[in-house]
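A look at the structure
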Amino acid sequence: MSDDEAHAAFVAIRWADTGGEPSCPRCGCLAVYAYTARRIWKCKGCGHQFSVTSGTIFASRKLPIRDYLAAIVLFVNAVKGISALQLGRDLDVQHKTAFVLAHKLREAISAEQLKGNLSGVVEVDGAYFGGHVRKENEAKDRKDRRFAANQSGKRRPVVVLRERGGRTFPFVVAKESDAVPVIRAKVAPGTVLHADEAAGWDLLHAFYDVKRINHTAAFSLDGACTNQAESYFARLRRAELGQHHRISGKYLAAYAVEMAWREDTRRRPNGTLYHLAASAALGHPVSRVWAGYWQRGRA
């Protein structure tokens, strides 16, 4: 793509509702005129000047628009995620630039993924991620890392709600039992829940029709199973081990929602995924987390 073609593609995606005609992001006025020297517009109503990325998650960009289009294509093409190091190599940018860019895309698709509530038949399950602890050199000094006292404190459970035939909603909690208030807020009354024998799900019987499955006996028994929730965890586990290698607790929720989006759209063509991700990014407001040259400098 040339720069003009890439810019035209962004315009068509951002203002698809108006037939590709730019509208003012401040007042919504369609009466705008374009500058000839720069790719910006000015609103005739409020006088606001804006570009195709103004007011979006790509606001105040430094890279050419073609690089953002390429980043979206690379991001959605990866089945189990793409590391910031790989993305930076493909785009020929610094690791920091690729890291922030990937997290901006995760923030945008997360806003769309977590909308609404779940109903019908929903599977509930939890699994632990993050918190890597290096083994001691000598075998006699090694500790059992399954015990909480020998962990780093950064390992967190991800609880997932997966609606059969619908969406996947993951979230990070301190322990599985803390997920009950979130489940009540996101799952509609009258929903049938499927869960395993973990004690944290006992409280759900007071609010829903819950079917339990004992995984030591079977994966599916008497109509109860959480196989679709386990399928989501398999994707997230492969992303952690094969792509990112380590995911800290600070960013675990972002990666969890990204894998939920990938799991829900796994059977859709790449062109559709590209439009979904690009529309989410151009429809999302300016990030308050991933702002500035390097977000750690704002902490």
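These figures come from a predicted structure and were not determined experimentally.

Further remarks concern helix α7 (residues 252-264). With 13 residues, α7 extends 19 Å from end C-alpha to end C-alpha; this agrees with the ideal 18 Å at 1.5 Å per step. Taking burial as the measure, the 13 residues of α7 include ten buried ones, the bulk of the element. Looking only at α7, the buried set comprises L252, Y255, A256, V257, E258, M259, A260, W261, R262 and E263.

This next bit is on the sheet that holds strand β4 (residues 121-129). Taken in spatial order, the five strands line up as β6-β5-β4-β7-β8 in an open sheet, and their pairing is mixed. The sheet is open, and its two edges are formed by β6 (168-172) and β8 (209-213), each paired on a single side. Neighbour-to-neighbour, the strand axes of the sheet open up by a mean angle of 25°, direction not taken into account. Relative to strand β5 (residues 156-163), β4 runs antiparallel, the two being bridged by eight bridges. When the bridges of β5 are listed, G126 appears paired with V159.

Here we come to the side chain of S287. With respect to the helices and strands, S287 occurs in the segment after α8 (270-283). Judged by relative accessible area, which is 2%, S287 ranks as buried. Among the polar contacts made by the side chain of S287, one reaches the main-chain amide nitrogen of V289 at a distance of 3.2 Å. Residues contacting S287, with those up to four places away along its chain left out, are I57 and E107.

A separate point is helix α1 (residues 3-14). Every α-helix winds through 3.6 residues per turn, so residues three or four apart in the chain are directed the same way. With twelve residues, α1 should cover 16 Å at 1.5 Å per step; its first-to-last C-alpha distance of 17 Å lies within 8% of that length. Taken residue by residue, α1 has A6, H7, A9, F10, V11, I13 and R14 as its buried positions. Taken together, the buried residues of α1 touch β2 (41-43), α2 (65-77) and α8.

What counts, and at which threshold
Residues numbered from 1 in each chain as written. Predicted model: local features only at pLDDT ≥ 70, side-chain atom pairs only at ≥ 80, totals over all residues. Heavy atoms only, no water. Helix = DSSP H or I, 4+ residues; strand = E, 2+ residues; numbered from the N terminus. Expected span 1.5 Å × (residues − 1). Buried < 20%, exposed > 50% of the residue type's maximum accessible area, 1.4 Å probe, protein only. Pairing = 2+ DSSP bridges. Axes fitted to C-alpha atoms, helices over the stretch in contact; angles between N-to-C directions. Polar contact = N/O pair within 3.5 Å; in protein donor to acceptor, adjacent residues only side chain to side chain. Contact = heavy atoms within 4.5 Å.

Limitation: the analysis is restricted to geometry and does not speak to function.
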